[in-house]
Amino acid sequence: MSDNLFRQLPSVNDVLAAEGVQALARDHAHDLIVGAVRAELSSLRDQIRQGIPVDGQSAVEVVASRVACRLGHEMQPKLRTVINATGIVLHTNLGRSPVAEDAAKAAYEAARSYLNLELDLETGKRSSRQIAIREWVCRLTGAESATAVNNNAAATVIVLRTVAQGKEVVISRGQLIEIGGSFRIPDIMSVSGAILREVGTTNITRLSDYQRAIGPNTGALLQVHSSNYRISGFTKSVALSELAALGKKHGLPVIDDIGSGALVDFARFGFQGEPVARASIAAGADLVLFSGDKLLGGPQAGIIAGRKEWIQKIEKDPLMRAFRLDKMTLAALDATLRLYLNEELALREVPVLRLLGTPLKELRQRAERMAEQLRGIPALASVEITEDVAYVGGGSLPDQSMKSWVVEIEASSLSDSELALRLRLGTPAVMARLRGGKLVLDVRTIFEHQEMLLVEAVRKALATTENQ
Ligand SMILES: *Cc1c(COP(=O)(O)O)cnc(C)c1O
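Residues numbered from 1 in each chain as written. Predicted model: local features only at pLDDT ≥ 70, side-chain atom pairs only at ≥ 80, totals over all residues. Heavy atoms only, no water.

As a further point, take the packing of aromatic side chains. In the structure shown here, the tally under the stated rule is one aromatic pair. A ring pair is formed by Phe266 and Phe269, whose centres lie 5.2 Å apart and whose planes are at 65°; its orientation type is edge-to-face. For the pair formed by Phe266 and Phe269, the shared burial category is buried. One residue, Lys313, lies across the ring of Trp310, its end atom 4.8 Å from the ring centre. (Phe/Tyr/Trp six-rings, centres within 6.5 Å; stacked < 30°, edge-to-face > 60°. Buried < 20%, exposed > 50% of the residue type's maximum accessible area, 1.4 Å probe, protein only. Lys NZ or Arg CZ within 6 Å of the ring centre and 35° of its normal.)

Structure follows, in structure tokens:
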């Protein structure tokens with residue numbers, strides 16, 4: 001009898017001949033389509049074997065439409081848009097900083113056409129790709145020159161290599177940090193060929209500690225911003241200006257890894273103690289290093305600003321070829337930096353700055369608006385709004401939170417983790433927080449144009465209760 005049931009199934013060729021499957025040939029290779037047909041038929045055979053009725057599912061057109069579904073799912077891009085409802089503004093797993101519209105457009109244009117990446121349009125001769133950003137970084141930081149590589153980790157390696165290969169680099173024990181993703185200062189130091197010379201203690205380092213460590217084999221003095229942790233209590237560190245004076249006295253370059261690369265003062269958002277690139281140059285640092293995709297809000301990059309002679313040497317290092325930025329990133333960085341030449345414009349256009357600067361009152365209104373929409377979804381048992389805290393993230397400002405508003409939702413017949421899973425797998429994907437059996441949607445990191453998409457995503461996630 002079950003043999004009979006098997007015989008009811010269409011053959012691979014029957015399904016391949018179906019109109020719906022023929023149409024797939026426009027977008028998909030033949031072997032992929034055949035694979036999907038086989039997979040669908042095999043899942044129907046499994047069903048029969050398990051004694052589950054396949055009535056209505058074995059008709060050719062029905063199988064054909066499932067094949068189309070399966071292929072569409074299988075061939076989805078691996079990288080997809082995610083609505084960030086976590087409240088973490090710089091979420092490294094979500095690509096850190098979204099870039100400004102102008103920057104995204106610049107990257108798009110750079111990607112799809114030829115451009116003067118290494119060509120001087122006036123002379124028609126070869127030029128440097130770093131020209132795309134050099135002038136802007138100099139204007140914004142007050143540095144003599146600047147260059148950029150793939151990220152701040154690469155910047156640190158190439159700077160230490162150029163400046164202090166085979167020589168000692170003096171650094172405070174309190175600054176021997178790990179950023180995450182295996183970026184540890186001692187490891188970076190050894191990769192670069194510089195020799196770590198740690199001074200002081202975890203909580204106290206004095207100028208005299210640096211002074212005593214300076215000898216004939218000293219290559220540089222290094223300061224690293226402890227971006228992702230804070231020591232409080234009985235602490236003492238040396239001001240950059242003092243370190244710079246000491247370096248000058250001994251003819252040693254002073255390197256300042258400021259991490260996040262703020263180009264505006266973050267005190268305006270209520271954040272204290274975040275170093276600003278311009279202030280480091282003004283305090284006398286010879287080279288300042290920072291990320292492009294943290295508080296700067298641009299594409300992933302490591303920016304090196306400082307003395308011309310050092311920048312020239314860095315650009316001549318063979319590693320520069322391995323670390324250099326691609327045309328799309330350079331175009332996006334060029335556009336982002338140009339926005340900062342008008343601070344008002346940067347505050348309005350750079351997404352990270354806009355998200356950090358959204359007034360609490362506005363967040364509350366948006367939470368209320370979203371909650372109202374969500375209350376129209378019958379499968380939600382509860383929708384509430386409440387004040388909460390959001391974080392900058394991305395290893396920046398670890399001890400400083402900011403107020404935010406969230407919408408908490410709970411489904412009537414789905415667990416919190418099941419709802420979270422469905423939202424992650426939806427289109428667009430949504431990443432939220434779980435807390436006390438509820439899903440927490442933080443408005444701080446949800447773009448205004450995504451509000452309704454998010455509501456629809458929740459509706460869809462709950463509508464598919466019977467499927468899958
Ligand atoms: C984040 C950070 C780095 C690493 O920067 P990436 O751009 O992520 O490579 C290096 N140093 C400090 C102080 C940082 O905060």
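This part is about the site of the ligand. As a structural note, the neighbourhood of the ligand is formed by 13 residues, with Ala153, Ser227, Asp257, Ser291 and Lys294 the closest of them. Lys294 has a polar side-chain atom sitting 2.8 Å from an oxygen atom of the ligand. Isolated, the ligand exposes 380 Å² of accessible area, and the fraction of that covered by the protein chains is 95%. Its residues assigned to classes, the shell around the ligand shows four nonpolar, six polar and three charged. (Near = heavy atom within 4 Å. Polar contact = N/O pair within 3.5 Å; in protein donor to acceptor, adjacent residues only side chain to side chain. Areas by Shrake-Rupley, 256 points an atom, 1.4 Å probe, with all protein chains shown as cover. Nonpolar A, V, L, I, M, F, W, Y, C, P; charged D, E, K, R; others polar.)

In this section: the nonpolar core. Membership of the largest hydrophobic core comes to 62 residues, with the highest contact counts inside it found for Phe266, Leu337, Tyr340 and Leu356. If you tally residues by element for this core, the top one is helix 15 (residues 327-340), at seven residues. A domain-level breakdown of this core finds at least three residues from each of domain 2 (82-92 + 357-467) and domain 3 (101-349). Residues contacting Leu337, with those up to four places away along its chain left out, are Ile133, Trp136, Val137, Leu140, Leu263 and Leu296. Of all hydrophobic cores here, the second largest spans 30 residues; its members include Ala85, Ala367, Leu374 and Trp405. (Core = buried A, V, L, I, M, F, W, Y, C linked by side-chain atoms within 4.5 Å. Helix = DSSP H or I, 4+ residues; strand = E, 2+ residues; numbered from the N terminus. Domains from an automatic or database assignment. Contact = heavy atoms within 4.5 Å.)

A few words now on the sheet that holds strand 11 (residues 302-306). Pairing is mixed across the open sheet formed by seven strands, whose spatial order is 3-11-10-9-8-4-7. Each having just a single partner strand, strand 3 (145-149) and strand 7 (195-199) make up the two edges of the open sheet. Adjacent strand axes in the sheet meet at a mean angle of 25°, parallel and antiparallel pairs treated alike. Where strand 4 (residues 168-172) meets strand 7, five bridges bridge the pair, whose relative direction is parallel. Considered in strand 7, the bridge of Ser172 is made with Val199. Seen against the sheet, helix 13 (residues 308-316) touches strand 3, strand 10 (287-291) and strand 11 and runs at an angle of roughly 30° to strand 3. (Pairing = 2+ DSSP bridges. Axes fitted to C-alpha atoms, helices over the stretch in contact; angles between N-to-C directions.)

For Arg134, the location among the structural elements is in helix 7 (residues 131-141). Exposure remark for Arg134: the relative accessible area of 18% places this residue in the buried category. Within the structure, Arg134 has its side chain in polar contact with the backbone oxygen of Ala146 (distance 2.9 Å). For Arg134, the side chain forms a polar contact with the side chain of Glu315, separated by 2.7 Å. For Arg134, the residues in contact, after removing those within four places along its chain, are Ser128, Ser145, Ala146, Thr147, Ile311 and Glu315.

It is at 7 Å that the axes of helix 6 (residues 101-112) and helix 15 come closest, and there the two elements cross at 150°. Classified by the angle between their axes, helix 6 and helix 15 sit roughly antiparallel to one another. Once helix 6 is placed against helix 15, the crossing between them reads as right-handed. Along the contact surface, helix 6 presents Asp102, Ala103, Ala106, Ala107, Ala110 and Ala111, while helix 15 presents Lys327, Met328, Ala331, Ala332, Ala335, Thr336 and Leu339. (Parallel < 35°, antiparallel > 145°, perpendicular 65-115°, else oblique. Left-handed = near helix turned anticlockwise from the far one by under 90°.)

Turning our eyes to something else, we now look at the pairing of strand 3. Within a regular strand, side chains alternate between the sheet's two faces. For strand 3, a buried count of five out of five residues is recorded, marking the element as mostly surrounded by other parts of the structure. Of the two faces of strand 3, the one holding Ser145, Thr147 and Val149 and the one holding Ala146 and Ala148 are both buried throughout. In the sheet, strand 3 pairs with strand 11 via five bridges, with the strands oriented antiparallel. Along strand 11, the bridge assignment pairs Ala146 with Ala305.

Take the sheet that holds strand 2 (residues 88-90) next. Judged by pairing direction, the sheet is mixed, and its five strands sit side by side in the order 2-12-13-16-15 without closing on themselves. Edge positions in the open sheet fall to strand 2 and strand 15 (433-435), since each of these has one partner strand only. Shown here is a sheet whose adjacent strand axes are inclined to one another by a mean of 35°, direction ignored. Taken together, the three bridges between strand 15 and strand 16 (residues 438-442) define a ladder with antiparallel strand orientation. Among the inter-strand pairings, Leu434 is bridged to a residue of strand 16, identified as Leu439. Running at roughly 45° to strand 16, helix 19 (residues 416-425) makes contact with strand 13 (396-411), strand 15 and strand 16 of the sheet.

What follows deals with helix 13. Among the residues of helix 13, those classed as buried are Trp310, Ile311 and Ile314. Seen from one end, helix 13 has its buried residues packed into an arc of 100°, which puts them on one side. Residues of helix 13 that are buried sit in contact with helix 7, strand 3, helix 8 (152-164), strand 10, strand 11 and helix 14 (319-323). (Arc of directions from axis to C-beta.)

Once that is clear, we can look at helix 4 (residues 30-49). For helix 4, with 20 residues, the first-to-last C-alpha span of 29 Å sits near the 28 Å given by 1.5 Å per residue. For helix 4, every residue scored as buried is listed here: Ile33, Val34, Ala36, Val37, Glu40, Leu41, Leu44, Gln47 and Ile48. Looking straight down helix 4, one finds its buried side chains confined to an arc of 165°; they lie on one side. In helix 4, the exposed positions that point more than 90 degrees away from the buried face belong to Asp31, Arg38 and Arg49. Directly beyond the C-terminal end of helix 4, a positive phi value near 80° is found at Gly51. (Expected span 1.5 Å × (residues − 1).)

Taken as a whole, this structure holds 29 salt bridges when the rule is applied. Asp293 is the partner of Arg96 in a salt bridge, and the nearest nitrogen-oxygen pair spans 3.0 Å. Note that Arg96 is positioned in the loop between strand 2 and helix 6 and Asp293 in the loop between strand 10 and strand 11, a separation of 197 residues in sequence. Here the salt bridges do not stand alone but share partners, grouping Asp388, Glu408, Arg433, Arg435 and Asp442 into one network. (Salt bridge = Lys/Arg side-chain N within 4 Å of Asp/Glu carboxyl O.)

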